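Working through the structure, step by step
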Amino acid sequence: QVQLVESGGGLVQPGGSLRLSCAASGAIFSINAMGWYRQAPGKQRELVATITSGGSTNYAGSVKGRFTISIDNVKKTVDLQMNSLKPEDTAAYYCNAHLMSTATMTYMDYWGKGTLVTVSS
């Protein structure tokens, strides 16, 4: 059983910062990439940032220059440092991992349950 657990969400004022963390645990054989997605009320889930185990990153245009994603391959964690937050960043943030479990021995996508980020004064 593979689990992704997010932490670090909360309420922050515009211009403030938050750091999200996600830890993967369970019967994991290999992680190819991890990332963050978000879903605002009434909108579809969208990519925020992804990072491969080798460190290659991809950011949504709306967060480039403000958010930084990092991965720890040993701890199996992915962090998202969010600076200069805007009200439009308000959403539920979901951790994603593209990994191979020992049960399936094939790469699949796994998701956390989400953590809420609210940017408001």
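See the structure shown above.
**Topic: the environment of Gln39**
Note on placement: Gln39 falls in strand S4 (residues 28–39). Exposure remark for Gln39: the relative accessible area of 29% places this residue in the partly exposed category. Residues Gln39 and Thr50, 11 residues apart in the sequence, show an inter-C-alpha distance of 15 Å. Not counting chain neighbours up to four residues away, the residues in contact with Gln39 comprise Gln44, Arg45, Ala91, Ala92 and Tyr94. A distance of 3.0 Å separates a polar side-chain atom of Gln39 from the backbone oxygen of Lys43.

**Some thoughts on the sheet that holds strand S1 (residues 2–7)**
In a beta sheet, neighbouring strands are held together by backbone hydrogen bonds and run either parallel or antiparallel to one another. With antiparallel pairing, 4 strands are arranged side by side in an open sheet as S1-S3-S8-S7. Two strands bound the open sheet, and with one partner strand each, they are S1 and strand S7 (67–72). Taken over all neighbouring pairs, the strand axes of this sheet differ in orientation by 15° on average, direction set aside.

**Remarks on the state of the cysteines**
Put plainly, two cysteines are in a disulfide when a covalent bond ties their sulfur atoms together. What the rule picks out here adds up to 1 disulfide. Through a disulfide, Cys22 is tied to Cys95; the S-S separation comes to 2.1 Å. Across the S-S bond linking Cys22 and Cys95, the dihedral sits near -80°, which makes this disulfide left-handed. With Cys22 in strand S3 (residues 18–26) and Cys95 in strand S9 (residues 91–101), this pair connects stretches of sequence that are 73 residues apart. The residues Cys22 and Cys95 share a single accessibility class, namely buried.

**As for the nonpolar core**
Within the largest apolar cluster, 31 residues are counted, with the highest numbers of intra-cluster contacts made by Trp36, Leu80, Met82 and Tyr93. Mapped onto this core, the elements with two or more residues apiece are S1, S3, S4, strand S5 (46–52), S7, strand S8 (77–82), S9 and strand S11 (115–119). By residue number, the principal contributor to this core is S9, which donates 5 residues.

**As for the side chain of Thr50**
With respect to the helices and strands, Thr50 occurs in strand S5. Setting aside its immediate chain neighbours within four residues, Thr50 contacts Met34, Gly35, Tyr37, Ser56, Thr57, Asn58 and Ile69.

Reading guide: rules and limits
- Residues numbered from 1 in each chain as written.
- Predicted model: local features only at pLDDT ≥ 70, side-chain atom pairs only at ≥ 80, totals over all residues.
- Heavy atoms only, no water.
- Helix = DSSP H or I, 4+ residues; strand = E, 2+ residues; numbered from the N terminus.
- Buried < 20%, exposed > 50% of the residue type's maximum accessible area, 1.4 Å probe, protein only.
- Contact = heavy atoms within 4.5 Å.
- Polar contact = N/O pair within 3.5 Å; in protein donor to acceptor, adjacent residues only side chain to side chain.
- Pairing = 2+ DSSP bridges.
- Axes fitted to C-alpha atoms, helices over the stretch in contact; angles between N-to-C directions.
- Disulfide = S-S within 2.5 Å.
- Core = buried A, V, L, I, M, F, W, Y, C linked by side-chain atoms within 4.5 Å.

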